[in-house]
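Architecture at a glance
Below, each chain spelled out in residue letters.
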Amino acid sequence: MTFHSMWAELLPIGRSSASGGYRRFAWTGADAECRDWFREQAECRGLAYEVDRNGNQWAWLGDPAGQDAVVAGSHLDSVPDGGAFDGPLGVVSAFAALDELRGRGARFVKPLAIVNFGDEEGARFGLACVGSRLTAGELTVDQAHRLTDGDGVTLPRAMEAAGYDPDAIGPDPERLARIGAFVELHVEQGRALDLTGDAVGVASAIWPHGRWRFDFRGEANHAGTTRLVDRRDPMLSYAETVLAARREAALAGAVATFGKIAVEPNGVNAIPSLVRGWLDSRAADQQTLDKVVGGIEQAAREYAVAHGVDLHVARESFTPVVEFDHVLRDELARILGGRADLKVPVLGTGAGHDAGILSGSLPTAMLFVRNPTGVSHSPAEFAAEDDCVAGVRALADVLEGLACT
């Protein structure tokens, strides 16, 4: 199958007719359709298909129990109303790169695997990279069992409903010990490549980033009869904190976003009793990130006092700075640097990835494909087919250099 035909098969799965975005949430019907597609791609190529204890899908060329395996892939789930390319581009490109290598008559001397990591986006349970975190031991079984979606469904119940055994989840060090390198191709989430005029880039590092929950608790009351001076309105403190986040991030050259909110009792004519907002913040280094988040929290507490509101702040997830394996990164640059038709810049990213989670357990690297819109986590996310094909060829060259004679 060609890149184009595989892409056309995936394109309608989980797509909203209203927004044009994707709603492929973990352990739902759309996720199941994507997982079926992955299994079919593995089987039609004669690859050994398996699902690990954490629900991640693997397609193997060569012995799955062999050593020093080379792995490519990404994820197939999405954020709410996300774009088509974030995640699926890496999985489709991995299958296409294998097809390219077979067409070249490449001789593999190491096992090669293609992987689809489960629940990378964290759209349903609020924690990103659940599949890779569990595998790497960065998420404990107890923590995973406590994850709950907006409808009160726990991760174990969701997995069980989808036909998987939640009692089997946990660290998988034996599997990771058999992998010599993981290379994740991903659409760029920004415009660095577009600005340099390059189709493909190599990642240098992932910025430290995390998610914090801010709970502002006030007093519910009637919107029409309660005097302004008598109100304990948590929405005011929240709104001022949103502006403070923008201010602190701008001053530090970082990013900070309140992108999710829950309000109680959530009535048009009721002053809220609770406003819960989730902050996502990222910076080039840990010191800067700490300064930004600390400044936001300090401002939030001042606003809470001013409006007679209580505030509780909890860090829900955190990923430290990830410096991709320098030896592997340099090897990718060497392999791709030998092509006269391709200039490959090295660039950092503020987005988290499975490759970042696994970097503490094995050598990982990333390739980025140009996104001329610079938009991600949105239906406007885009990569031209020519650039996607260039990414496939670059990934094939890398896999050939790492896994073939």
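Quick summary incoming for the structure in this document. Fair warning: this is a prediction, and the values are worked out from it, not measured in the lab.

Reading the values: the criteria
- Residues numbered from 1 in each chain as written.
- Predicted model: local features only at pLDDT ≥ 70, side-chain atom pairs only at ≥ 80, totals over all residues.
- Heavy atoms only, no water.
- Disulfide = S-S within 2.5 Å.
- Helix = DSSP H or I, 4+ residues; strand = E, 2+ residues; numbered from the N terminus.
- Expected span 1.5 Å × (residues − 1).
- Buried < 20%, exposed > 50% of the residue type's maximum accessible area, 1.4 Å probe, protein only.
- Arc of directions from axis to C-beta.
- Contact = heavy atoms within 4.5 Å.
- Polar contact = N/O pair within 3.5 Å; in protein donor to acceptor, adjacent residues only side chain to side chain.
- Pairing = 2+ DSSP bridges.
- Core = buried A, V, L, I, M, F, W, Y, C linked by side-chain atoms within 4.5 Å.
- Axes fitted to C-alpha atoms, helices over the stretch in contact; angles between N-to-C directions.
- Parallel < 35°, antiparallel > 145°, perpendicular 65-115°, else oblique.
- Left-handed = near helix turned anticlockwise from the far one by under 90°.
- Nonpolar A, V, L, I, M, F, W, Y, C, P; charged D, E, K, R; others polar.

1. Remarks on the state of the cysteines
A full pass over the atoms with the stated rule returns zero disulfides. Cys129 carries a free sulfur, and the closest cysteine sulfur to it, the one in Cys34, is 17 Å from it. Cysteine Cys388 shares no disulfide, and the gap to the nearest cysteine sulfur, in Cys34, comes to 17 Å.

2. Observations concerning helix H9 (residues 234-252)
Along an α-helix, residues three or four positions apart point the same way, because every turn accommodates 3.6 residues. Taking 1.5 Å as the rise per residue, H9 with 19 residues should run 27 Å; its terminal C-alpha atoms sit 27 Å apart, in good agreement. Taken residue by residue, H9 has Pro234, Ser237, Tyr238, Thr241, Ala244, Ala245, Glu248 and Ala249 as its buried positions. Each buried residue of H9 lies within a common arc of 125 degrees when the element is viewed along its axis, so the set occupies one face. Away from the buried face of H9 by more than 90 degrees, exposed residues Leu243, Arg246, Ala250 and Leu251 are located. Here the buried face of H9 lies against strand E7 (209-217), strand E9 (255-264), strand E11 (274-282) and helix H10 (286-306). By the N-cap criterion, in which a side-chain oxygen at the helix start approaches the backbone nitrogen of a residue two or three places on, H9 is capped by Asp233, the distance to Met235 being 2.9 Å. Remark: Gly253 follows H9 within two positions and exhibits a positive phi of approximately 70 degrees.

3. A short note on the pairing of strand E15 (residues 364-369)
Buried residues dominate E15, accounting for six of its six residues. Here E15 shows a buried face lined by Thr364, Met366 and Phe368 and a second buried face lined by Ala365, Leu367 and Val369. As defined by bridge partners, strand E5 (residues 179-187) adjoins E15 across six bridges and the pair is classed as parallel. Looking at E15, one finds that Val187 is bridged to Val369. Two elements, strand E6 (residues 200-206) and E15, share three bridges in a ladder whose sense is antiparallel. Its bridge partner being in E15, Val200 is matched across the sheet by Val369.

4. A short note on the nonpolar core
Burial of nonpolar side chains together is a common tendency in soluble globular proteins. Residues Trp37, Leu89, Phe95, Leu367 and Leu395 are the most contacted members of the largest nonpolar core, which totals 57 residues. Top contributing element to this core by residue count: helix H13 (residues 385-403), with ten residues.

5. Looking at the sheet that holds E11
Paired through backbone hydrogen bonds, the strands of a sheet run either parallel or antiparallel to each other. One open sheet accounts for four strands, arranged E9-E11-E7-E12; its pairing is antiparallel. In this open sheet, the two edge strands, each paired with only one partner strand, are E9 and strand E12 (310-319). The mean inter-strand angle of the sheet, taken between neighbouring strand axes irrespective of direction, is 15 degrees. Note that E9 and E11 share nine bridges and pair antiparallel. Bridge pairing in E11 links Thr257 to Asp280. The sheet strands contacting H9 are E7, E9 and E11, and the helix crosses E9 at an angle near 170 degrees.

6. Quick notes on the packing of helix H3 (residues 88-104) against H13
The contact between H3 and H13 brings their axes to 8 Å, and the two run at 60 degrees. Our classification of the angle between H3 and H13 gives oblique. Here H3 runs over H13; the crossing is right-handed. Across from Leu89, Ser93, Ala94, Ala96, Ala97, Glu100, Leu101 and Arg104 in H3, the residues of H13 making contact are Cys388, Val392, Arg393, Leu395, Ala396, Asp397, Leu399 and Glu400. Its residues placed into classes, the contact of H3 with H13 shows ten nonpolar, one polar and five charged.

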